[in-house]
Amino acid sequence: MNNKESALVLFSGGQDSTTCLYWAIKNFSSVRTLCFTYGQRHSKEIEVAQAIAEKANIPFQLLDASIISQLSVNSLTSDIVMDQEKPQDSYPNTFVPGRNLLFLTFAAVIARSHGIRHIITGVSEADYSGYPDCRDTFILSANASINLAMDEHFQIHTPLMWRDKTAVWQLADELGVFNIVRTQTLTCYNGIIADGCGQCPACKLRKHGLDNYLKTKE
Ligand code: ZN
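Note that the structure is predicted; figures quoted are calculated from it, not measured.

Brief notes about the overall build of the protein
A count of helical and extended segments in the protein gives eight helices and five strands. Each helix and strand of the protein, ordered N terminal to C terminal, gives the series β-α-β-α-β-α-α-β-α-β-α-α-α. Counting only residues that meet the buried cut, the protein has 49% of its 218 residues in that class. Long-range pairs, those at least 24 residues apart, make up 71% of the contacts in the protein between residues at least 6 apart in sequence. If you sum the accessible surface of the protein, you get close to 10800 Å²; carbon and sulfur atoms cover 51% of it.

Structure below.
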């Protein structure tokens, strides 16, 4: 791509968005990050995100999106115990209705104020956690709607859309940041950095992908 343009990365300090951050650094001439707060169970997530951005020498912007936790109650925005498995006939209770549509809209408004038209988000349909707003068709639709809403030409990039967790580790390795992603990111729902608690669904998914990727390197 080798783009002379700027990009805004939706950034949380987790494995996926950190890989996206370094993908953006490689593909765009200048990069900013945008991190949302919305009553996360662990404000540690924000500290971790800020530290990663600082080390990469990338501007870090925090936006209070806590209105989301006033709109609906779920296990990411309150103390409800989270589903360990995806229920067969419904969304996991970590689903925050409308979250990605709101986040992309906020991101586009902020990107516009910086003269940026490229927006990068780490959603993936391959490791589809049951969230409808991680699907490619949703992103294409949101991109079209946001452009119409603001009469702009934003381009939303989803470098992880068709990558499962194994392929996300591979991408981090190709970008030369495998160790940074492995040791500095926070994916764990229990707020433990790097390899995490090992027990929560996010840790299990991350470890499964990591083990598979390491096997391909043997
Ligand atoms: Zn965990």
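Structural notes on the coordination of the zinc ion
The protein atoms that coordinate the zinc ion are C188 (SG), C197 (SG), C200 (SG) and C203 (SG), at distances of 2.3 to 2.4 Å. Considering all four donor atoms around the zinc ion, the spread of angles at the metal, 103 to 117°, places the coordination shape in the tetrahedral class. Donor residues for the zinc ion, ordered by position in the chain, follow C-x8-C-x2-C-x2-C. Residue classification places C203 among the buried positions, given a relative accessible area of 4%.

Looking at the packing of aromatic side chains
In total, this model carries six aromatic pairs according to the counting rule given. Through pairs of rings, three or more aromatic residues link up here, namely F36, Y38, F103 and F106.

As for the nonpolar core
Residues V9, L21, F28, V31 and I120 are the most contacted members of the largest nonpolar core, which totals 35 residues. For this core, the elements supplying multiple residues, two or more each, are β1 (3–10), α1 (15–27), β2 (28–37), α2 (44–55), α6 (165–174), α7 (178–184) and α8 (201–217). Excluding residues that lie within four positions of it along the chain, V9 makes contacts with S17, C20, L21, A24, V31, R32, T33, L34 and I120. Among the nonpolar cores identified, the runner-up in size contains 28 residues, and F95, L104, A108 and I116 belong to it.

Regarding the side chain of N27
Checked against the element boundaries, N27 lands in helix α1. Polar contacts involving the side chain of N27 include one to the main-chain carbonyl oxygen of W23, which spans 2.8 Å.

Focus on the environment of N179
Within the element layout of this structure, N179 appears in helix α7. Linking N179 and A194, residues 15 residues apart in sequence, is a C-alpha distance of 9.8 Å.

So, how was this worked out
- Residues numbered from 1 in each chain as written.
- Predicted model: local features only at pLDDT ≥ 70, side-chain atom pairs only at ≥ 80, totals over all residues.
- Heavy atoms only, no water.
- Helix = DSSP H or I, 4+ residues; strand = E, 2+ residues; numbered from the N terminus.
- Buried < 20%, exposed > 50% of the residue type's maximum accessible area, 1.4 Å probe, protein only.
- Contact = heavy atoms within 4.5 Å.
- Areas by Shrake-Rupley, 256 points an atom, 1.4 Å probe, with all protein chains shown as cover.
- Donors = N, O, S within 2.8 Å, 3.2 Å for Na, K, Ca; no water.
- Tetrahedral: all angles 85-135°; square planar, octahedral: opposite > 155°, others 65-115°.
- Phe/Tyr/Trp six-rings, centres within 6.5 Å; stacked < 30°, edge-to-face > 60°.
- Core = buried A, V, L, I, M, F, W, Y, C linked by side-chain atoms within 4.5 Å.
- Polar contact = N/O pair within 3.5 Å; in protein donor to acceptor, adjacent residues only side chain to side chain.

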